[in-house]
Amino acid sequence: MVVGERTLLDLDDTYAREVPALSVPWPAVTAPAPRLLVLNDELAAELGADPAALRADVSLLVGAGAGTRALVYAGHQWGVYKPRLGDGRALLLGEVVDSHGRLRDLHLKGTGATPFARGYDGRAAVGPMLREYLLGETMHALGIPTTRALAVVATGETIERDRPLPGAVLCRVAASHLRVGTFQYAAASEPGALRALADHAIARHFPDAADADRPYLELFRRVVDAQAALVARWMLVGFVHGVMSTDNTTISGETIDYGPCAFMDAVDPGTVFSSLDKTGRYAYGAQPAILQWNLARFGESLRPLDDVEDVLEEFPAAYERYWAEGMAAKLGLSTPDVALSTDLMALLHAQRVDFTTFFRALAAGTARDLFLDREAFDAWAARREALLPADRTGVAAAMDRVNPLYIPRNHVTDAALEAAEQGDLAPFHRLLGAVGDPFVARPGLEDLTRPAPAGAVPHVTYCGT
Ligand code: AMP
Ligand code: MG
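A. How the structure looks around helix α15 (residues 426-435). Burial in α15 covers these residues: F428, L431, L432, A434 and V435. Projected down its long axis, α15 shows its buried positions confined to an angular sector of 160°, all on one face.

Structure, rendered in structure tokens:
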């Protein structure tokens, strides 16, 4: 697209053309004093954009003068169906073919109230947008499918939350913004657009499914598989998404919408961080089941096209297979062992062991020290030992390649974001550098590997992000 006199990115609009009923043209509000806070140079280059040009003129990154569109979708939030959610504070800037030939969405968050804002202000604050940047880069570095941030720009506006906060716009990149909630909306409110939406999703994410005997059944199967793999990856790093509403479940299988998410410290399936999650609906241990529930809603929305329901029965086995394979790698085993892995989680829970610390310590041979009941650990460790190869060369190194040392610890992240809000981005960049290369120990970063000190206030995330 042309902004001012320069071409920064060649943007397409296949979604608007192929499924016009599911978005509306809508302009971004003017940012009074846009100032670039962070730019993802590597991602910019992957998209074919010149980072220097983006730095020199941030107007593209706040949507100024662009042909932006607000996307509409529905969703089950906290189990309650909302027939029309949509992008209340976000806009699709356009699509771009990246250097790997993949079509990616550029999307802006915090660009003002849209027709779907439902009375909210359409704004976003610096802290939560930097948080989304950090968490997306963390997941990317862990090899977990995710949207990624291209940039965060401070708008120069002060926004009202529980206190006045600096406003920001996040520019994020996604394989697409197709959500289960998009299909729910089409099925309920734009039935004439459902087939075009499904065809667009197939062409974009699972092109070979178009040749299947039953393409929409195949679409469902692929999404079920991609999401089973995704939630298994979350569980394997202790990630708690926090708001697994159907509008936050993608068709691409990417993690999206980093709000009240966080990494679990001491193992506890009941771990929740969101102040809103009183019942544990989206707790760590509830994630696979809630995802299956969300996929059932996806299946229902596809029913006008094909009778897809049976496929969902494949979810539990697919999830367990992905999880057990991942656990085997984490434990240095060549073959998955569900019982050994499940028993370990129960043991870590009973002993309140820090999830991330445990796997690095296991590779280093120091895990026993983490347990109060060392005999219980010894009994489990003996079972694992029996499954290890006679020649252990390379086992610890292989484990360290899949078990992160650096994750965005909650107390560290909060401190970094607080400093950033005050104008000091150094702690943010230090943390970003650590989690961007999470497996290789580097001197000087030891403080980032420790869980919050005992007795610290538990981490709570609030809405109004
Ligand atoms: P989220 O919890 O961020 O996934 O958002 C859920 C829905 O609320 C989406 O439709 C958002 O676009 C909308 N939303 C969240 N915050 C705001 C805001 N400040 N202004 C307008 N809409 C918002
Ligand atoms: Mg959302």
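B. The arrangement of the site of ligand 1 in detail. Residues in close proximity to ligand 1 total 16 residues, the closest being G86, G88, R118, D121 and G122. One of the backbone nitrogen or oxygen atoms of G86 is found 2.5 Å away from an oxygen atom of ligand 1. Contact distances for ligand 1 include 3.3 Å between a nitrogen atom and a side-chain N or O atom of R89. For ligand 1, whose free accessible area comes to 480 Å², the fraction covered by protein is 84%. Of the residues assigned to the shell around ligand 1, the class counts are 4 nonpolar, 5 polar and 7 charged.

C. View of the coordination of the magnesium ion (ligand 2). Distances from the magnesium ion (ligand 2) to its protein donors, namely N248 (OD1) and D257 (OD), fall within the range 1.9 to 2.2 Å. The pair N248 / D257 is uniform in exposure class, with both members buried.

D. Summary view of the nonpolar core. Counting 122 residues, the largest nonpolar core has F183, L219, I251, F358 and W380 as the members making the most contacts within it. For this core, the element with the highest residue contribution is helix α7 (residues 215-237), accounting for 14 residues. In contact with F358, other than residues within four places in its own chain, are L344, L348, V353, A367, L370, F371, F377 and W380. Counting residues in hydrophobic clusters, the runner-up holds 25 residues, among them L39, L47, L61 and V169.

E. Here's a closer look at the pattern of salt bridges. All told, the structure shown has 35 salt bridges when counted by the stated rule. In this structure, the salt-bridge partner of E95 is R204, at a minimum N-O distance of 4.0 Å. Residue E95 is located in strand β8 (residues 90-97), and its partner R204 is located in helix α6 (residues 194-205); the two are separated by 109 residues in the primary sequence. Here the two residues E95 and R204 agree in accessibility, since each one is buried. One connected set of salt bridges, linked through shared partners, spans K109, E132, R172, R179 and D257.

F. Spatial organisation of the pairing of strand β9 (residues 103-109). For β9, the buried fraction is high: 6 of the 7 residues fall into the buried class. With 7 bridges joining them, β8 and β9 adopt antiparallel strand pairing. Within the sheet, the bridge partner assigned to V96 lies in β9 and is R104. What sits between β8 and β9 in their antiparallel hairpin is a turn of 5 residues, with G101 showing a positive phi close to 85°.

G. A look at the environment of Y258. Assignment of secondary structure puts Y258 in the loop between β12 (239-240) and β13 (262-263). Taking the C-alpha atoms as reference points, Y258 and T146, separated by 112 residues in sequence, lie 10.0 Å from one another. Those residues in contact with Y258 that sit more than four places away from it in its chain are E132, L135, G136, M139, T146, T147 and F239. Within the local environment of Y258, its side chain forms a polar contact with the side chain of T146, the two groups lying 2.4 Å apart.

H. Local environment of the packing of helix α10 (residues 338-350) against helix α12 (residues 374-387). Contact geometry for α10 and α12: axes closest at 11 Å, N-to-C directions at 160°. If you check the angle between α10 and α12, you find them roughly antiparallel. Once α10 is placed against α12, the crossing between them reads as left-handed. Residues A339, L340, D343, L344 and L347 of α10 touch α12, and the partners they reach there are A376, F377, W380, R383, R384 and L387. Counted by class, the contact of α10 with α12 contains 8 nonpolar, no polar and 3 charged residues.

I. The packing of helix α8 (residues 287-302) against helix α9 (residues 315-331), seen in detail. The contact between α8 and α9 brings their axes to 11 Å, and the two run at 140°. Judged by the inter-axis angle, α8 sits oblique to α9. Note that α8 runs across α9; the crossing there is right-handed. Contacts between α8 and α9 pair P288, L291, Q292 and L295 from the former with F315, P316 and Y319 from the latter.

J. Representation of the packing of aromatic side chains. Taken as a whole, this structure holds 15 aromatic pairs when the rule is applied. Geometrically, the ring pair formed by Y133 and F428 is edge-to-face, given 6.1 Å between the ring centres and 70° between the ring planes. Of this pair, Y133 sits in helix α4 (residues 126-141) while F428 sits in helix α15, placing them 295 residues apart in sequence. The burial state of Y133 is the same as that of F428; both residues are buried. With 6.1 Å between their ring centres and 65° between their planes, F358 and W380 make a pair best called edge-to-face. Residue F358 is found in helix α11 (residues 355-364), and its partner W380 is found in helix α12; the two are separated by 22 residues along the sequence. With respect to class, F358 is no different from W380; both count as buried. The lysine or arginine in question, R297, covers the ring of W293, its NZ or CZ lying 4.4 Å from the ring centre.

K. Quick peek at empty space enclosed by the protein. Under the criterion given, the structure shown has 5 cavities of 30 Å³ or more. In this structure, the largest cavity encloses a volume near 70 Å³. Taken together, 13 residues form the lining of the largest cavity, with Q227, W234, N248, T249 and L291 sitting closest to its centre. The biggest single contributor to the lining of the largest cavity is α7, with 4 residues. Residues of the lining of the largest cavity, tallied by class, amount to 6 nonpolar, 6 polar and 1 charged. Here the second largest cavity is characterised by a volume of approximately 50 Å³. Lining the second largest cavity are L236, V237, K330, F355, T356, F359, N403, P404 and I407. Those elements that provide at least two residues to the lining of the second largest cavity are α7 and α11. Of the residues forming the lining of the second largest cavity, the biggest block, 3 residues, is contributed by α11.

How each quantity is defined
- Residues numbered from 1 in each chain as written.
- Chains lettered and ligands numbered in written order.
- Predicted model: local features only at pLDDT ≥ 70, side-chain atom pairs only at ≥ 80, totals over all residues.
- Heavy atoms only, no water.
- Buried < 20%, exposed > 50% of the residue type's maximum accessible area, 1.4 Å probe, protein only.
- Helix = DSSP H or I, 4+ residues; strand = E, 2+ residues; numbered from the N terminus.
- Arc of directions from axis to C-beta.
- Near = heavy atom within 4 Å.
- Polar contact = N/O pair within 3.5 Å; in protein donor to acceptor, adjacent residues only side chain to side chain.
- Areas by Shrake-Rupley, 256 points an atom, 1.4 Å probe, with all protein chains shown as cover.
- Nonpolar A, V, L, I, M, F, W, Y, C, P; charged D, E, K, R; others polar.
- Donors = N, O, S within 2.8 Å, 3.2 Å for Na, K, Ca; no water.
- Core = buried A, V, L, I, M, F, W, Y, C linked by side-chain atoms within 4.5 Å.
- Contact = heavy atoms within 4.5 Å.
- Salt bridge = Lys/Arg side-chain N within 4 Å of Asp/Glu carboxyl O.
- Pairing = 2+ DSSP bridges.
- Axes fitted to C-alpha atoms, helices over the stretch in contact; angles between N-to-C directions.
- Parallel < 35°, antiparallel > 145°, perpendicular 65-115°, else oblique.
- Left-handed = near helix turned anticlockwise from the far one by under 90°.
- Phe/Tyr/Trp six-rings, centres within 6.5 Å; stacked < 30°, edge-to-face > 60°.
- Lys NZ or Arg CZ within 6 Å of the ring centre and 35° of its normal.
- 1 Å grid on protein atoms, 1.4 Å probe; cavity = no way out; pocket = protein on both sides within 12 Å on 5 of 7 lines; lining within 4 Å.
- Points joined across faces, edges and corners; volume = space filled by probe spheres on them.

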